Amino acid sequence: MTGWTVVTVPGWWNERRYGMFVHASVATVASFSPIGEYAEWYWSHLGTDRLADGLAHPSPMAEVLAYHRDRWAHVERYDDFIPFLSYHRFDADEQLELATSSGMKYLVQVAKHHDGFCWWDAPGTKRTSVLEGPGRNVVAEMATACRRNDVVFGTSYSLLDWADDRYPDRAYVDEVLHPHVLDLVERYGSQILWGDGGWGHGPDVWRSRELIERAQDLADAQGYELAVNDGWRSGGATITTYDHNAPADIEANPWELRRGLGSSFCNNRAEHAEHMLSTGALFDLLTEVIAKGGNLAMNVGPGVDGTVPELQQRPLREVGAWIDDHDEVIHGSRPFDHWGDAQIRYVRAGGHVIALDLTAGPEVTLTGLTPDRYEVSTVEADDGGALHWEQHRAGVTLSRIDRSPTGLAGVYRIGLREAPQAIRLFDASVGPPRPLQPLQPLLDAALPGDVVQLGEGRYQGPVEIPAGVTLRGIGWDRTSIVGRGATVARLAAQTRLEHVHLTNEPERPSDVSVITPIVRLQGAGAVIASCRCDGHVIIEGDDGIVQSVTGNGVFAVAVDRITIERCAFKGKRHDVGVEIVGGSGHRISRNELVDHLCSVRLTDANASTVSENRFTGRWWAVHLVQCDHVDVIDNDIQHTMRAVDVNGGNGSIINGNWVADGDSGALVEFGATDTSLIDNHIERCRIGILIWDAPTTSIGPNTYVDLHDAEPVVVGPEADVIDE
């Protein structure tokens, strides 16, 4: 094999923009994870076996141990679940009816997930749905049903395999991975190869190039092209995959967003309607993806009987009814010049620009359709309703005359063309960007106590700020320091950096879970204030202060007395917002953190305070790992699986926090001692407090409102709870 054949996107991809992902595994029997986690990771969450490549998933998870104790104590090994995997009501035609009624035109069936259980008569293994559990070839039945219903059939296959001792050795690749994937193409006509679980190793381990080339040859022999996602960890992917959130703008290359209606992909009995996408939220997501040029694969998780729960079906069918009336808007459209905004979506279809008004109101302004860019000739309501429209500087304003739109959105067909270019007396074209202004020479000439004042403009980084010097811009929207793909600024002792934007050109590529240092506080007493940072602040000296900073987060190791206050940090769903390892006397106060895997994590830190912050994260808001005497006080925590997790350590106080819409208000676990939980308000969570293997935990008066479980406090082994 000397080269790499580039796989092009199949012709059907742009005509079938919405599909279904069907996800089940042996974990479907238990169908449980904390709200916000993945139920398909149940084996890992049990922690009974050392499983490879577990990423950031907690193992073991106290919540899963508690659930397993109460419901499945008689199941000692994960594979002991297989006889309960009946799938006795599974009907492939029923699942295809759900897909087509939902407006979907392709389907991806999980053929094997990380637990290694195969849903077809896979070669070389007896651990299949044909020989165990259901006793049925689910892949074969789904493939046949797809062909009957003119739905493109694809399969998802996990490169990760917890059940095979050969993983990830050459024998596993040669005897399991390659034969399995090629079998799915050759015998079952899989037109989509959706790879997953390959994060622990590179493409050379999997020999992905060779595999995909061989699969494409098999597909060619049967007269079709393969769509290949980027989960095979090779450079020849057809499709870029996004998880959960769409990209910020229109993407020209083929891409797909995959997510579940809830947080889990497999069925999770802990998720209620409020944890799922509503009909409106699903419609908003679908139209955003389509307007940005992508495809949406919406996941369903059948129950142990093989049927998709009604809770998942309802929003799919309701959006599908709208698609049935507006098929070309979803499946036949292409992106417009701009995708729209939170209220309006734009696409091109049927020779028109189509605007979707998600508010379905009697009046709407279509921003962006301004007379300097477009000449609008006609505007028609898709439902035939009378309207008045007018184009002006802000766009096109529509007013419905007889009635408001019905259904999920107002749909308007717009005839337009590009506005002719006005005759200009002067050349208004934008020239090349001004060269970056030198900055380091100014700093080299500064003495302790000096203030180096920058004006409006862009300055050359990276820079080193000498001890005792203040570097000040006139606002992060007017003064920028631009680096070349690395740390942009380094601060010595007693320095200050204020009112600037720190960025890199070109923007530094990064893995979503990796820290991207953009500024380093290297000396004691260094301060960064009122800055925007396109990356992370790294603190390497004692008494560092991060104040009123916008960015991704802060990272520090083995330093004392860090202060982080009044900052706004936005994550990438797989990262940590504020991570501090070691030291004491830290203060994290009045910040707002959103979209991190963990908002704040302190490890081996002592005598610190986390107070008056607002957190909306994924798995943790505040995670204390082997910390002593940390106070978590008066924080507002929403939509986060674990609001506060005290894992080991001694003497921490959890007091006065307001928690809503997560899985638990507080978790005290695995050796934590003398933890106190007092005056917390916990609302609309699955449980209030879980104590697991945590002696001498004091629980004072706390408020519990609308919890899912009847008992607000769940106690596990080795837990000595003291009621105050």
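Because the structure is a prediction, the values reported are computed rather than measured.

**Observations regarding the layout of surface pockets**
In this structure, the second largest pocket encloses a volume near 290 Å³. Phe32, Tyr67, Arg686, Ile687 and Asp709 are, among the 17 residues lining the second largest pocket, the residues nearest its centre. In terms of residue class, the lining of the second largest pocket is made up of eight nonpolar, two polar and seven charged.

**Brief notes about the sheet that holds strand 16 (residues 410-418)**
Judged by pairing direction, the sheet is antiparallel, and its five strands sit side by side in the order 9-10-11-16-13 without closing on themselves. Only two strands of the sheet have a single neighbouring strand rather than two, namely strand 9 (334-340) and strand 13 (374-381). Between one strand axis and the next, the sheet turns by 25° as a mean value, whatever way the strands run. When strand 11 (residues 352-357) meets strand 16, the two strands line up antiparallel, connected through five bridges. Pairing of isoleucine 354 across the sheet is with arginine 413, part of strand 16.

**Focus on empty space enclosed by the protein**
Scanning the model with the defined rule gives two cavities of 30 Å³ or more in all. Within this model, the largest cavity holds a volume of roughly 70 Å³. Each residue belonging to the lining of the largest cavity can be placed in one class, and the counts come to five nonpolar, eight polar and one charged. Counted as a void, the second largest cavity has a volume near 40 Å³. Contributing to the lining of the second largest cavity are Val644, Ile654, Asn657, Val659, Gly665, Ala666, Leu677, Asn680 and Ile682. Of the residues assigned to the lining of the second largest cavity, the class counts are six nonpolar, three polar and no charged.

**As for the packing of helix 8 (residues 279-291) against helix 9 (residues 310-325)**
Each pair of packed helices can be summarised by the angle the axes make with each other and by the distance between the axes. Between helix 8 and helix 9, whose axes approach to 9 Å, the crossing angle comes to 55°. Classified by the angle their axes make, helix 8 and helix 9 are oblique. Taken as a pair, helix 8 and helix 9 cross one another with a handedness that is right-handed. Taken together, the residues of helix 9 that come into contact with helix 8 (itself represented by Thr279, Leu282, Phe283 and Leu286) are Pro315, Leu316, Glu318, Val319, Trp322 and Ile323. Of the residues assigned to the contact of helix 8 with helix 9, the class counts are eight nonpolar, one polar and one charged.

**Points about the pairing of strand 12 (residues 363-367)**
Burial along strand 12 is one-sided: the residues Val364 and Leu366 are buried and none of Glu363, Thr365 and Thr367 is. The sheet contact formed by strand 12 and strand 15 (residues 395-400) spans five bridges and is antiparallel. Residue glutamate 363 lies in a different strand from strand 15, and its bridge partner there is serine 399.

**A closer look at the pattern of salt bridges**
Enumeration over the complete set of coordinates arrives at 44 salt bridges. Glutamate 15 is the salt-bridge partner of arginine 334, the closest N and O atoms lying 2.6 Å from each other. Residue arginine 334 is found in strand 9, and its partner glutamate 15 is found in the segment before strand 1 (18-22); the two are separated by 319 residues along the sequence. The class of arginine 334 is partly exposed, set by a relative accessible area of 32%. A residue is classified by how much of its surface remains accessible, and glutamate 15, at 39% relative accessible area, is partly exposed. Where arginine 148 meets aspartate 93, a salt bridge forms, and the shortest distance between an N and an O atom there is 2.8 Å. Of this pair, arginine 148 sits in helix 4 (residues 138-148) while aspartate 93 sits in helix 3 (residues 92-101), placing them 55 residues apart in sequence. Residue classification places arginine 148 among the exposed residues on the basis of a relative accessible area of 52%. Here the salt bridges share partners, and the residues they tie into one network are Arg170, Asp174, Arg207, Glu210 and Arg214.

**Topic: the sheet that holds strand 28 (residues 536-539)**
An order of 19-22-25-28-31-34-37-40-43-46-49-52 is seen for the twelve strands of this open sheet, with the pairing classed as parallel. Of all the strands in the sheet, just strand 19 (463-465) and strand 52 (713-715) have a single pairing partner and so form its edges. Ignoring strand direction, the axes of neighbouring strands in this sheet form an average angle of 15°. In this structure, strand 49 (residues 687-692) lies alongside strand 52, joined through three bridges in parallel fashion. Bridge assignment links isoleucine 689 to a residue of strand 52, and that residue is valine 713. Here helix 2 (residues 62-71) sits on the sheet in contact with strand 43 (642-647), strand 46 (664-669), strand 49 and strand 52, set at roughly 90° to strand 49.

Conventions we followed
- Residues numbered from 1 in each chain as written.
- Predicted model: local features only at pLDDT ≥ 70, side-chain atom pairs only at ≥ 80, totals over all residues.
- Heavy atoms only, no water.
- 1 Å grid on protein atoms, 1.4 Å probe; cavity = no way out; pocket = protein on both sides within 12 Å on 5 of 7 lines; lining within 4 Å.
- Points joined across faces, edges and corners; volume = space filled by probe spheres on them.
- Nonpolar A, V, L, I, M, F, W, Y, C, P; charged D, E, K, R; others polar.
- Pairing = 2+ DSSP bridges.
- Helix = DSSP H or I, 4+ residues; strand = E, 2+ residues; numbered from the N terminus.
- Axes fitted to C-alpha atoms, helices over the stretch in contact; angles between N-to-C directions.
- Parallel < 35°, antiparallel > 145°, perpendicular 65-115°, else oblique.
- Left-handed = near helix turned anticlockwise from the far one by under 90°.
- Contact = heavy atoms within 4.5 Å.
- Buried < 20%, exposed > 50% of the residue type's maximum accessible area, 1.4 Å probe, protein only.
- Salt bridge = Lys/Arg side-chain N within 4 Å of Asp/Glu carboxyl O.

Keep in mind these numbers describe shape, not what the thing actually does.
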